Amino acid sequence: MNKTELIAAVAEKADIAKKDAEKAVSAVLDTIIEKVAEGEEVRIVGFGTFERHERKERQGCNPRTKEKMYIPASKVPAFKAGKAFKEAVDAE
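A short tour of the structure in this document, coming up. Keep in mind that what you see is a predicted model, and the values were worked out from it rather than measured.

This part is about the overall build of the protein. Tallying secondary structure elements over the protein gives 3 helices and 5 strands in all. Along the chain direction, N to C, the helices and strands of the protein fall in the order α-α-β-β-β-β-β-α. Along the three orthogonal principal directions, the C-alpha set of the protein runs to about 55 × 30 × 30 Å. Going through the 92 residues of the protein one by one, you find that 15% of them count as buried. Put simply, of all contacts in the protein between residues at least 6 apart along the chain, 25% involve residues at least 24 apart. Roughly 7,700 Å² of accessible area belongs to the protein as shown, and the carbon and sulfur atoms make up 55% of that amount. Put simply, the protein has 18 plus and 17 minus side-chain charges, and the middle of one group is 7 Å from the middle of the other.

Next comes the structure, spelled out in structure tokens:
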């Protein structure tokens, strides 16, 4: 399912116009991205938690040349599914 399909599904489920569903879905996603980028944790009970993890600088290896290289430190988004989400997926 892509974003367009998600918007259509939300519009149908909530019985609202696709334009309104698109605004709502975009607002939710944009807010999650903004808050996680700022270092905040976004917790949606029953769904999961979005957070930012810090990766330390580490040594890697170029697979083509086998040359050792350093991979710089970075910040990456992470998602941990909530209990209800895990149970719903496992039930299928």
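On to helix 1 (residues 3–14). With 12 residues, helix 1 ought to run about 16 Å at 1.5 Å a step, and its terminal C-alpha atoms sit 16 Å apart, in line with that. With a side-chain oxygen positioned 3.1 Å from the backbone nitrogen of threonine 4, the residue opening helix 1 is asparagine 2. Directly after helix 1, the chain includes aspartate 15, whose backbone phi takes a positive value near 55 degrees.

Across the sheet, 3 strands lie side by side as 1-2-5; this open sheet has antiparallel pairing. The open sheet terminates on both sides in strands that have one partner only, identified here as strand 1 (42–44) and strand 5 (74–81). Neighbour-to-neighbour, the strand axes of the sheet open up by a mean angle of 25 degrees, direction not taken into account. In terms of strand pairing, strand 1 meets strand 2 (residues 48–55) through 3 bridges, oriented antiparallel. Looking at strand 2, one finds that arginine 43 is bridged to threonine 49. The sheet contacts of helix 2 (residues 18–37) involve strand 1 and strand 2, and relative to strand 2 the element is tilted by about 35 degrees.

Rules and cut-offs
Residues numbered from 1 in each chain as written. Predicted model: local features only at pLDDT ≥ 70, side-chain atom pairs only at ≥ 80, totals over all residues. Heavy atoms only, no water. Helix = DSSP H or I, 4+ residues; strand = E, 2+ residues; numbered from the N terminus. Buried < 20%, exposed > 50% of the residue type's maximum accessible area, 1.4 Å probe, protein only. Contact = heavy atoms within 4.5 Å. Areas by Shrake-Rupley, 256 points an atom, 1.4 Å probe, with all protein chains shown as cover. Lys, Arg positive; Asp, Glu negative; His and termini not counted. Charge placed at Lys NZ, Arg CZ, Asp CG, Glu CD. Expected span 1.5 Å × (residues − 1). Polar contact = N/O pair within 3.5 Å; in protein donor to acceptor, adjacent residues only side chain to side chain. Pairing = 2+ DSSP bridges. Axes fitted to C-alpha atoms, helices over the stretch in contact; angles between N-to-C directions.

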